[in-house]
Amino acid sequence: MSDDVRSPQAADAPPARVAVTDAAAELLVRLRDKHGELMFHQSGGCCDGSSPMCYPDGDFITGDADVHLGDLAVGAERATFTVPVWMSRNQFEYWKHTHLTIDVVPGRGAGFSVEAPEGVRFLIRSRLFTDDEWEQLRV
Amino acid sequence: MTVYAAPGTEGAIANFRPRYDHWIGGEYVAPANGQYFENPSPVNGRTFTEVARGDADDIDMALDAAHGAAPAWGRTSVTERALVLNKIADRIEEHLEELAVAETWENGKPVRETLAADLPLAVDHFRYFAGAIRAQEGSISEIDGDTIAYHFHEPLGVVGQIIPWNFPILMAVWKLAPALAAGNAVVLKPAEQTPTSILYLMELIADLLPPGVVNVVNGFGAEAGKPLASSHRIRKIAFTGETTTGRLIMQYASQNIIPVTLELGGKSPNIFFSDVAAAKDEFYDKALEGFTMFALNQGEVCTCPSRALIQADIYESFLADAVVRTEAVKQGNPLDTDTMIGAQASNDQLEKILSYFDIGRAEGAKVLTGGHRAEMDGDLAGGYYVTPTIFEGKNSMRIFQEEIFGPVVAVTEFGDFDDAIKVANDTLYGLGAGVWTRSGADAYRAGRAIEAGRVWTNCYHAYPAAAAFGGYKGSGVGRENHKMMLDHYQQTKNLLVSYAQGAQGFF
């Protein structure tokens, strides 16, 4: 994984669960110009499953069945706007020990995610939380 | 051994048009916005045609055509509709090799699979539903001596279908055959990775279907899929794909109060009990092939047996033999009939698989074979190839819990029967499963205990039209295949008739 990962957090806040690469952040800036405020919901299952799906915020209805993993801070000044990231609660049970970074790669995509027409696809890169991070997250 | 010529080269039996419009009202119609997108072949990564990039205007036009065709199509006799389906089957059969090459070129899968599975199954599927619709009957309930409830099957009308890219023709046929048999008109959106093979088929069968009964609009999910799925002009939506889009489609459907069928994938356990290795005979060989089925279609199957559970006392020896069997899988030019594994369907798919190699290793899973991209030479150099991969680890690891959709199996061991079932069911999904044993009693008990819609027992990856297919748990809603699928494309009309002369007695 590259070192251009943004993972904003206050000094005493628990470690962020999600981050975004510069390339993905730049794409989010362009997508927001087109579609307005955005959100991610992490998919699972067949075909394009395991991909983060990006929608106009509110287009996908979240509820008690979902976990809000965090907000990506995106923009020229690092916090121009935020993009919330969600995942189904039952899926989170199997994913919670991993930190997720949203990246982007060339690709055809599918589903209703808004970046596909640009010829690119958001992609999740994962790493295990360190023991320290895990300890803080469990508190 | 045969190596088919690539479409667009000399001697090719399948050739694509340089550009594909939408298929609406029985003919090609240019997209309203005039836009097209490129369609690369995963075999070499190079664009071979361009395809209409549809949006809400095109979906509307297709819905107009479907609504124009639906009433008359719904009134045709089942005899006539069955005849049309049988003629479609015959036409596919006549062009089977050509369609197989076309589909292989678009999807990247080996032609031995399209020749032996995708296309023959598509043919059989049309024939099965041609038969099923003719044999279907309504019912009569005799409420009392003078009161009868008649139940008639009626078509829903116009339905929407969103097709995945892993079996571009067969997955379309799974949805089209029952919908058409039941008398519905269809607006179908193929996956943007594989927009063309279904159009190749539509052209071949154009003279067999009344215009407007099947309409195909290509484009991206956000631009063409969403206006179809959220339209108030469809009476049902069918989707195969992943869970987030599945939920979104249900949300749209709830706004229009229409039914959905969803097939959303799985993480299928493939269980090998110790008696499999009681003899090194034909059955043992079959079981090893069953293990290796994770590489079928490059692992791009919703029911990919991507978790292998092997009983502890045969774990080491069976796994060693399984590694040998997996390493014998021949990777190469998908148009070569000797090739067993071809290219992943798209670059992003390849990238996703590679990202799972990273997380698998990071979680401490051990790579027994593969674990890397397959670099190919010559014409295939730009294609998306992955070496069949075996990971050894624990069921709690993410590679055991997520559908990688690549030729990747995660292997673990189990102690006894209860342990096997516990691990098998420790998943969000429940689409497919495999059970391998020489004991009929164990096979039956395991099959009933596994929470999955289909449990292949001493076989795997067989898809006959007469066997119901669909998911438990997060794997979806409804079924495909089998005559019960007709119910998903029909309304029930009840005529409650009184033959009595007297008043009912309330007023």
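Residues numbered from 1 in each chain as written. Chains lettered and ligands numbered in written order. Predicted model: local features only at pLDDT ≥ 70, side-chain atom pairs only at ≥ 80, totals over all residues.

We now examine the overall build of chain A. Of regular secondary structure, chain A possesses three helices and eight strands. The order of α-helices and β-strands along chain A, N terminus first, is β-β-α-β-β-β-β-α-β-β-α. Relative to its full complement of 139 residues, chain A shows a buried share of 49%. Put simply, 53% of the contacts in chain A that link residues at least 6 apart link residues at least 24 apart. (Helix = DSSP H or I, 4+ residues; strand = E, 2+ residues; numbered from the N terminus. Buried ≥ 20, exposed ≤ 12 C-beta atoms within 10 Å, placed from the backbone. Contact = placed C-beta atoms within 7 Å.)

A word on the interface of chain B and chain A. If you look at the interface, chain B gives 40 residues, while chain A gives 38 residues. For the side of chain B that touches chain A, the secondary-structure elements that each account for two or more residues are α7 (221-229), α8 (243-256), α11 (347-362) and α12 (398-401) of chain B. Class assignment for the residues of the side of chain B that touches chain A results in 13 nonpolar, 16 polar and eleven charged. (Nonpolar A, V, L, I, M, F, W, Y, C, P; charged D, E, K, R; others polar.)

Now for the packing of helix α4 (residues 111-135) of chain B against helix α5 (residues 170-181) of chain B. Residues and elements named next belong to chain B. Orientation of α4 relative to α5, taken along the N-to-C sense of each, is 10°, at an axis distance of 9 Å. When the interaxial angle is binned, α4 and α5 end up roughly parallel. Of the two elements, α4 crosses α5, and the hand of that crossing is right-handed. Seen from α4, the contacting residues are Asp118, Leu121, Ala122, His125, Phe126, Phe129, Ala130, Ala132 and Ile133; seen from α5, they are Leu170, Val173, Trp174, Ala177, Pro178 and Ala181. Considered class by class, the residues forming the contact of α4 with α5 number 13 nonpolar, one polar and one charged. (Axes fitted to C-alpha atoms, helices over the stretch in contact; angles between N-to-C directions. Parallel < 35°, antiparallel > 145°, perpendicular 65-115°, else oblique. Left-handed = near helix turned anticlockwise from the far one by under 90°.)

Time to look at the pairing of strand β20 (residues 454-457) of chain B. Residues and elements named next belong to chain B. Bridging between strand β19 (residues 432-436) and β20 involves four bridges; their strand directions are parallel. Residue Ala433 lies in a different strand from β20, and its bridge partner there is Val455. Note on the crossover from β19 through helix α14 (residues 440-449) to β20: the handedness is right-handed. (Pairing = 2+ DSSP bridges. Right-handed = clockwise from strand over helix to strand, strands pointing away.)

Further remarks concern the sheet that holds strand β5 (residues 66-74) of chain A. Residues and elements named next belong to chain A. The four strands lie next to each other as β4-β3-β6-β5, forming an open sheet whose pairing is mixed. Single-partner strands in this sheet number two, and they are β4 (52-56) and β5. Looking at each pair of strands side by side, their axes are set apart by 25° on average, direction ignored. Pairing between strand β3 (residues 38-42) and β4: five bridges, direction antiparallel. Across the sheet, Leu38 pairs through a bridge with Pro56, a residue of β4. Across the face of the sheet, helix α1 (residues 22-35) comes into contact with β3, β4, β5 and β6 (81-88) while running at roughly 120° to β3.

Glancing now at the sheet that holds strand β5 (residues 47-52) of chain B. Residue and element names in this part refer to chain B. Here three strands make up an open sheet; going across it, the order is β1-β5-β4 and the pairing mixed. Two strands bound the open sheet, and with one partner strand each, they are β1 (19-20) and β4 (36-40). One ladder, built from five bridges, connects β4 with β5; its direction is antiparallel. Looking at the pairing, Asn39 lines up with Thr49 of β5.

Another aspect to go through is the domain arrangement of chain B. Interface size is commonly expressed as the accessible area that is lost once the parts come together. Residues and elements named next belong to chain B. Taken domain by domain, chain B holds domain 1 (19-39 + 47-264 + 475-493) and domain 2 (269-457). Computed over C-alpha atoms only, the centres of domain 1 and domain 2 are separated by 31 Å. Listed per partner, the contact involves 15 residues of domain 1 and 22 residues of domain 2. If you list the elements that add at least two residues to the side of domain 1 that touches domain 2, you get α3 (96-107) and α4. Class assignment of the residues belonging to the side of domain 1 that touches domain 2 gives a composition of four nonpolar, seven polar and four charged. (Domains from an automatic or database assignment.)

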